[in-house]
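Listed below are the residues making up each chain.
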Amino acid sequence: MNAKKKRSFITVKRAPYLFLLPAIVLFIIFTVYPIIYSFLLSFQTNAEAGRVFVGLDNYIRLFQDRLFYESLANTFIILIFQLPIMLGLAVVLATILNAGFIKLKGFFRVSFFAPAVTSLVAASIIFLLLLNRDYGIVNYLLSMIGMDVIGWLSDPFWAKVSLILVTTWRWTGYNMVIILAGLQNIPSNLYEAASIDGANKIRQFFSITIPQLKPVILFAAIVSTIGTLQLFDEPYTLTNGGPINATTTITMYLYRNGFEYFDFGYGSAIAYVIVILIALLSFIQFKWAGVTK
């Protein structure tokens with residue numbers, strides 16, 4: 001009887017749920033629980049007796065914090081300049097690599113995608129050497145053509161430029177692969193019909209390629225926006241948020257409050273403000289692209 005009961009417990013209907021159960025349990029433990037706990041933490045602060053409930057005090061403090069606004073401004077400056085440059089390069093590179101006359105396509109695709117999977121620590125060391133004010137090869141090449149030495153990582157303006165360059169180098173190939181997949185799904189008869197009507201390659205690019213790629217570009221823009229708002233590794237390893245907080249991003253400010261100052265309640269409040277910003281920007285991008293009504 002016991003053997004029959006054990007065998008009858010696993011049925012065709014129950015089996016899928018049993019296979020999914022480990023993943024669901026891990027998802028609840030490592031994703032759902034931290035999200036809920038972090039939300040509750042945002043209404044608490046540290047005290048001698050432990051954490052105490054303070055209501056909206058962390059959020060009120062947040063909107064009165066000059067460093068919060070400064071880190072938010074740094075993040076948006078990087079986003080505004082880096083996103084169009086990166087997506088523009090990704091579209092151009094994908095279009096070139098999708099052309100029939102290009103040889104060794106596999107090699108070039110892997111080469112452009114490689115920075116996305118390269119160890120950021122190793123890449124940061126290379127860029128620290130390249131952009132060094134006194135001994136870097138970039139300044140050496142600039143001096144050869146008569147230009148002044150640039151403090152790529154020590155000047156507030158050029159430090160932001162350096163971060164934009166590094167993030168563009170790192171993620172252009174990633175977006176190129178996404179856009180390339182979209183290009184390969186555009187029907188070739190659209191281009192044939194346009195050629196018969198006398199449209200040249202440039203006209204085809206703007207009248208066929210870009211409109212057909214609109215959903216793919218939107219996806220890449222949203223993913224890249226989320227990634228930039230969560231930008232941490234590059235400024236942490238290259239500039240440590242300096243000079244004078246010029247490259248402190250909102251995620252880096254969250255990290256400092258949570259894991260350097262151990263103010264987890266305030267850090268959680270920052271995290272949820274980032275979530276709201278990501279949701280708003282994603283909605284705006286969907287609205288601008290005409291996906292939502």
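Above this note sits the structure.
Residues numbered from 1 in each chain as written. Predicted model: local features only at pLDDT ≥ 70, side-chain atom pairs only at ≥ 80, totals over all residues. Heavy atoms only, no water.

### Here we look at the overall build of the protein chain
Looking only at helices and strands, the protein chain features 14 helices and 2 strands. Computed over C-alpha atoms, the radius of gyration of the protein chain comes to 25 Å, more than 25% over the 19 Å expected from 2.2 N^0.38 for 293 residues, which places it beyond the range of a compact globule. In terms of principal-axis extent, the alpha carbons of the protein chain reach across some 70 × 65 × 40 Å. Among the 293 residues that make up the protein chain, the fraction classed as buried is 39%. Intrachain contacts of the protein chain at a sequence separation of at least 6 include 62% that bridge at least 24 residues. (Helix = DSSP H or I, 4+ residues; strand = E, 2+ residues; numbered from the N terminus. Rg over C-alpha atoms; globule rule 2.2 N^0.38 Å. Buried < 20%, exposed > 50% of the residue type's maximum accessible area, 1.4 Å probe, protein only. Contact = heavy atoms within 4.5 Å.)

### With respect to the nonpolar core
The biggest cluster of nonpolar side chains holds 24 residues, and the ones touching the most others in it are Tyr59, Leu62, Phe68, Ile270, Val273 and Ile274. Those elements that place two or more of their residues in this core are helix 3 (57-62), helix 4 (66-98), helix 11 (214-229), helix 13 (250-260) and helix 14 (264-289). With 9 residues, helix 14 is the single largest residue contributor to this core. Beyond its immediate stretch of four places on either side in the chain, phenylalanine 68 contacts Leu62, Ile250, Tyr253 and Val273. In terms of nonpolar packing, the next biggest core, distinct from the first, is built from 18 residues, Ala94, Leu97, Ala194 and Ile208 among them. (Core = buried A, V, L, I, M, F, W, Y, C linked by side-chain atoms within 4.5 Å.)

### Topic: the packing of aromatic side chains
Under the criterion given, the structure shown has 20 aromatic pairs. With a centroid separation of 5.3 Å and 70° between ring planes, the pair formed by phenylalanine 39 and tyrosine 272 is classed as edge-to-face. Here phenylalanine 39, found in helix 2 (residues 15-41), pairs with tyrosine 272, found in helix 14; they are 233 residues apart in sequence, far enough to count as distant. You can call tyrosine 272 buried: its relative accessible area is 18%. Judged by centre distance (5.0 Å) and plane angle (80°), the rings of phenylalanine 157 and tryptophan 158 are edge-to-face. Tryptophan 158 sits in the partly exposed class, given a relative accessible area of 29%. Site record: aromatic cluster; members linked through ring pairs are Phe232, Tyr236, Tyr255, Phe259, Phe262 and Phe264. The ring of tyrosine 266 is capped by arginine 61, whose NZ or CZ atom sits 3.6 Å from the centre of that ring. (Phe/Tyr/Trp six-rings, centres within 6.5 Å; stacked < 30°, edge-to-face > 60°. Lys NZ or Arg CZ within 6 Å of the ring centre and 35° of its normal.)

### A short note on the pairing of strand 1 (residues 44-47)
Here 4 bridges tie strand 1 to strand 2 (residues 50-53), and the two strands are oriented antiparallel to one another. Along strand 2, the bridge assignment pairs threonine 45 with valine 52. Between strand 1 and strand 2, which pair antiparallel in sequence order, lie 2 residues. (Pairing = 2+ DSSP bridges.)

### Overview of the pattern of salt bridges
Under the defined criterion, the tally for this structure stands at 3 salt bridges. Glutamate 70 is paired through a salt bridge with arginine 66; the nearest N and O atoms lie 3.0 Å apart. Linking glutamate 70 with arginine 66, this pair stays in helix 4, spanning 4 residues, or about one helical turn. For glutamate 70, a relative accessible area of 25% corresponds to the partly exposed category. Here arginine 170 makes a salt bridge to glutamate 234, at a shortest N to O gap of 3.8 Å. Of this pair, arginine 170 sits in helix 8 (residues 156-183) while glutamate 234 is found in helix 12 (residues 233-238), placing the two residues 64 residues apart along the sequence. (Salt bridge = Lys/Arg side-chain N within 4 Å of Asp/Glu carboxyl O.)

### A few points about unusual backbone geometry
Proline 243 follows glycine 242 through a cis peptide bond whose omega is -5°. Look at leucine 104: it is not a glycine, yet its phi comes out positive at around 55°. Examined against the element boundaries, leucine 104 turns out to sit in the loop between helix 4 and helix 5 (105-117). Owing to a relative accessible area of 62%, leucine 104 belongs among the exposed residues under this scheme. Positive phi is not limited to glycine here, since isoleucine 244 has a value of about 55°. Relative to the helices and strands, isoleucine 244 is located in the loop between helix 12 and helix 13.

### Focus: helix 8
Helical geometry: 3.6 residues make up each α-helical turn, so side chains three or four residues apart lie on a common side. The end-to-end C-alpha distance of helix 8 is 39 Å, a good match for the 40 Å that 28 residues give at a rise of 1.5 Å each. Approximately 35° is the largest bend angle found in helix 8, and it occurs at tryptophan 171. One side-chain oxygen at the N-terminal end of helix 8 lies 3.1 Å from the backbone nitrogen of phenylalanine 157; it belongs to aspartate 155. (Expected span 1.5 Å × (residues − 1). Bend = angle between axes of the 7 residues up to and from the residue. Polar contact = N/O pair within 3.5 Å; in protein donor to acceptor, adjacent residues only side chain to side chain.)

### A closer look at the packing of helix 8 against helix 11
In contact at an axis separation of 9 Å, helix 8 and helix 11 are set at 160° when each is read in the N-to-C sense. Regarding the angle of helix 8 to helix 11, the classification is roughly antiparallel. Crossing angle aside, the handedness with which helix 8 passes helix 11 is right-handed. Within the contact between the two elements, helix 8 uses Tyr174, Asn175, Ile178, Ile179 and Gly182 and helix 11 uses Val216, Phe219, Ala220, Val223 and Ser224. Looking at the contact of helix 8 with helix 11, its residues break down into 7 nonpolar, 3 polar and no charged. (Axes fitted to C-alpha atoms, helices over the stretch in contact; angles between N-to-C directions. Parallel < 35°, antiparallel > 145°, perpendicular 65-115°, else oblique. Left-handed = near helix turned anticlockwise from the far one by under 90°. Nonpolar A, V, L, I, M, F, W, Y, C, P; charged D, E, K, R; others polar.)

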